[in-house]
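# A closer look at the structure
Letter by letter, the chains look like this.
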Amino acid sequence: MNHQEKPTKDNLTELMEFVLLGFADMPHCQWFLFGLFLIIYIIILMSNGTIFLITKMDPALESPMYFFLSNFSFLETCYVSATLPRMLLNLGTQRRRISLVACATQMCFVLIFGGTECLLLAVMAYDRYVAICKPLHYPLVMNHRVCIQLVTGSWTIGIPIMTGLTYQIFSLPFCGSNQINHFFCDIPPILKLACGDVFANEMLVYTVAMLFVMVPFLLTLDSYSKIISVILKVPSATSRAKAFSTCSSHLTVVVVFFGSGIITYLRPSSRHSEKTDKVLSLFYTILTPMFNPMIYSLRNKDVIMALRKLLCK
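Since this is a predicted model, take the numbers as computed values, not measurements.

### Points about the overall build of the protein chain
- Across its full length, the protein chain holds 12 helices and 3 strands.
- For the protein chain, the C-alpha radius of gyration of 21 Å lies close to 20 Å, the compact-globule estimate for 313 residues.
- A buried classification covers 48% of the 313 residues belonging to the protein chain.
- Within the protein chain, contacts between residues separated by at least 24 positions form 81% of all contacts whose residues are at least 6 apart in sequence.

### Examining unusual backbone geometry
- Positive phi values are uncommon outside glycine, yet Q94 reaches one of about 65°.
- Inspection of the secondary structure puts Q94 in the loop between helix 3 (84-93) and strand 2 (97-99).

### Quick notes on the packing of helix 4 (residues 100-133) against helix 6 (residues 144-156)
- Viewed as axis vectors pointing N to C, helix 4 and helix 6 meet at an angle of 155°, and their least axial separation amounts to 7 Å. Between helix 4 and helix 6, the interaxial angle falls into the category roughly antiparallel. Along this stretch, helix 4 crosses helix 6, giving a crossing that reads as right-handed. Facing helix 4, whose interface residues are F113, T116, L119, L120 and V123, helix 6 presents L150, V151, S154 and W155.

### Here we look at the confidence of the model for the protein chain
- With 94% of its residues at a pLDDT of 70 or more, the protein chain shows a mean pLDDT of 88.
- Between residues 1-13, whose pLDDT stays under 50, and residues either more than four places distant or in other chains, the model counts 27 contacts.

### As for the pattern of salt bridges
- One pass over the full model with this rule turns up 5 salt bridges.
- One salt bridge in this structure joins D127 and R128, with 3.1 Å as the shortest N-O distance.
- Classification of D127 by relative accessible area gives buried; the value is 1%.
- The salt bridge involving R267 is made with D277; its shortest N-O contact spans 2.3 Å. With R267 in the loop between helix 10 (237-266) and helix 11 (274-296) and D277 in helix 11, this pair connects stretches of sequence that are 10 residues apart. Note on accessibility: R267 and D277 belong to one class, buried.

### Here's the deal with the environment of A24
- In this fold, A24 is placed in the loop between strand 1 (17-20) and helix 1 (30-57).
- With relative accessibility at 31%, the residue A24 sits in the partly exposed group.
- Residues A24 and N181, 157 residues apart in the sequence, show an inter-C-alpha distance of 8.8 Å.
- Among residues more than four places away in sequence, those in contact with A24 are Q30 and R96.

### Structural notes on the packing of helix 4 against helix 7 (residues 158-170)
- Direction vectors running N to C along helix 4 and helix 7 enclose 145°, while the axes themselves pass 9 Å from each other. Every pair of crossing elements has a handedness; the one defined by helix 4 and helix 7 is right-handed. Across from L100, C103, A104, M107, C108, L111, I112 and G115 in helix 4, the residues of helix 7 making contact are G158, I159, M162, T163, L165, T166, I169 and F170.
- In terms of residue class, the contact of helix 4 with helix 7 is made up of 12 nonpolar, 4 polar and no charged.

### A short note on the sheet that holds strand 2
- Judged by pairing direction, the sheet is mixed, and its 3 strands sit side by side in the order 2-1-3 without closing on themselves. A single partner strand is all that each edge strand has here, and the edge strands are strand 2 and strand 3 (179-180).
- Looking at chain direction, strand 1 and strand 2 are connected through 3 bridges and run antiparallel. Each bridged residue has a counterpart across the sheet, and for V19 the counterpart in strand 2 is R97.
- Across the sheet, helix 4 is in contact with strand 1, strand 2 and strand 3; its angle to strand 2 comes to roughly 85°.

### Observations regarding the side chain of N48
- Here N48 lies in helix 1.
- With near-sequence residues (within four places) excluded, N48 lies in contact with S73, E76, T77, P289 and P293.

### Things to note about helix 4
- Across its 34 residues, helix 4 extends 49 Å between first and last C-alpha, which sits within 8% of the 50 Å expected from 1.5 Å per residue.
- The buried count for helix 4 comes to 25 of 34 residues, which makes it a mostly enclosed element.

### Focus on the state of the cysteines
- Applying the stated criterion across every chain, the model contains 2 disulfides.
- Paired through a disulfide, C103 and C185 show a sulfur-sulfur distance of 2.0 Å. Judged by the sign of its S-S torsion, about -120°, the bond between C103 and C185 is left-handed. Placement of the pair is C103 in helix 4 and C185 in the loop between strand 3 and helix 8 (187-193), with a sequence separation of 82 residues.

### Observations regarding the packing of aromatic side chains
- Enumeration according to the criterion identifies 15 aromatic pairs in this entry.
- Judged by centre distance (5.9 Å) and plane angle (40°), the ring pair of F74 and W155 falls under tilted. Of the two residues, F74 sits in helix 2 (residues 64-81) while W155 sits in helix 6, which places them 81 residues apart along the sequence.
- Classification of W155 as buried rests on a relative accessible area of 18%.
- Geometrically, the ring pair formed by F170 and F174 is tilted, given 6.0 Å between the ring centres and 50° between the ring planes. F174 carries the same exposure label as F170, and that label is buried.
- Among the aromatic residues, those joined into a ring-pair cluster are F52, F74, F109, F113 and W155.
- Here the guanidinium or amino end of K226 rests over the ring plane of Y129, the centre of that ring lying 5.3 Å away.
- Between K278 and the ring centre of F23, over which it is positioned, the NZ or CZ distance is 5.7 Å.

What counts and what doesn't
Residues numbered from 1 in each chain as written. Predicted model: local features only at pLDDT ≥ 70, side-chain atom pairs only at ≥ 80, totals over all residues. Heavy atoms only, no water. Helix = DSSP H or I, 4+ residues; strand = E, 2+ residues; numbered from the N terminus. Rg over C-alpha atoms; globule rule 2.2 N^0.38 Å. Buried < 20%, exposed > 50% of the residue type's maximum accessible area, 1.4 Å probe, protein only. Contact = heavy atoms within 4.5 Å. Axes fitted to C-alpha atoms, helices over the stretch in contact; angles between N-to-C directions. Parallel < 35°, antiparallel > 145°, perpendicular 65-115°, else oblique. Left-handed = near helix turned anticlockwise from the far one by under 90°. pLDDT = per-residue confidence, 0-100. Salt bridge = Lys/Arg side-chain N within 4 Å of Asp/Glu carboxyl O. Nonpolar A, V, L, I, M, F, W, Y, C, P; charged D, E, K, R; others polar. Pairing = 2+ DSSP bridges. Expected span 1.5 Å × (residues − 1). Disulfide = S-S within 2.5 Å. Phe/Tyr/Trp six-rings, centres within 6.5 Å; stacked < 30°, edge-to-face > 60°. Lys NZ or Arg CZ within 6 Å of the ring centre and 35° of its normal.

This is the structure in structure tokens:
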């Protein structure tokens, strides 16, 4: 890990604002990127909003799976809204300045929603594991009270931890350049601007990433590995192929989301590349939320039927 020398008090200038460079290295593509990300944002809002609406309105979608799905859709909307509106504002106005408080607030919300998504994906995988591997125990294990507790835990457990982590990072002194080579206030580029020894902060980030990214990822993989082992025992080739198709699409989203997050937050700081971090962030903050509704819902027969009923009203 690289540690900067702590500057003297005379050389230390407290920064009160940052500049989010975003995609400033692509000056001729600003309006194209604005249009592209605006379309993506609208798609995410409409698809997740529709899923949230039909899971609440249709009595046929009252099982635990759809309860988790409605929470997941609402979470995706919140998660994307923590980064994309600011990015669109910067692309549209070319005013890239962001105050220190606004930057800290954005980071805090991104971390809270990102941590919640990791936990909720693990909960959803566990729900499918119980439904497929232990169907007789499913109504007892995944009763309404347990579902409420799992969702409440996923939403709330990260709030004090992520708020504390954000406070710890922004308690560091910042000096020199105020330019963040990113499209939102993420941890790696912010730590690069900090003066002094950031070793303790990096260790804190690794610890939190292990708890909120790596552990849920391993639990999710464990659930899917058990599901696949059960699917392999299904005698019908057609049913087996259909189940594999669903599982593989879920696993693809899980691996892309968790994989990009793991590389970003658990990679040694000496190996961080600003361009790589930016690309990886696009995967876990924008691309997976865009594909999740199609993967988790729009390939589901019950959801499609509920959507048709809603459109026919």
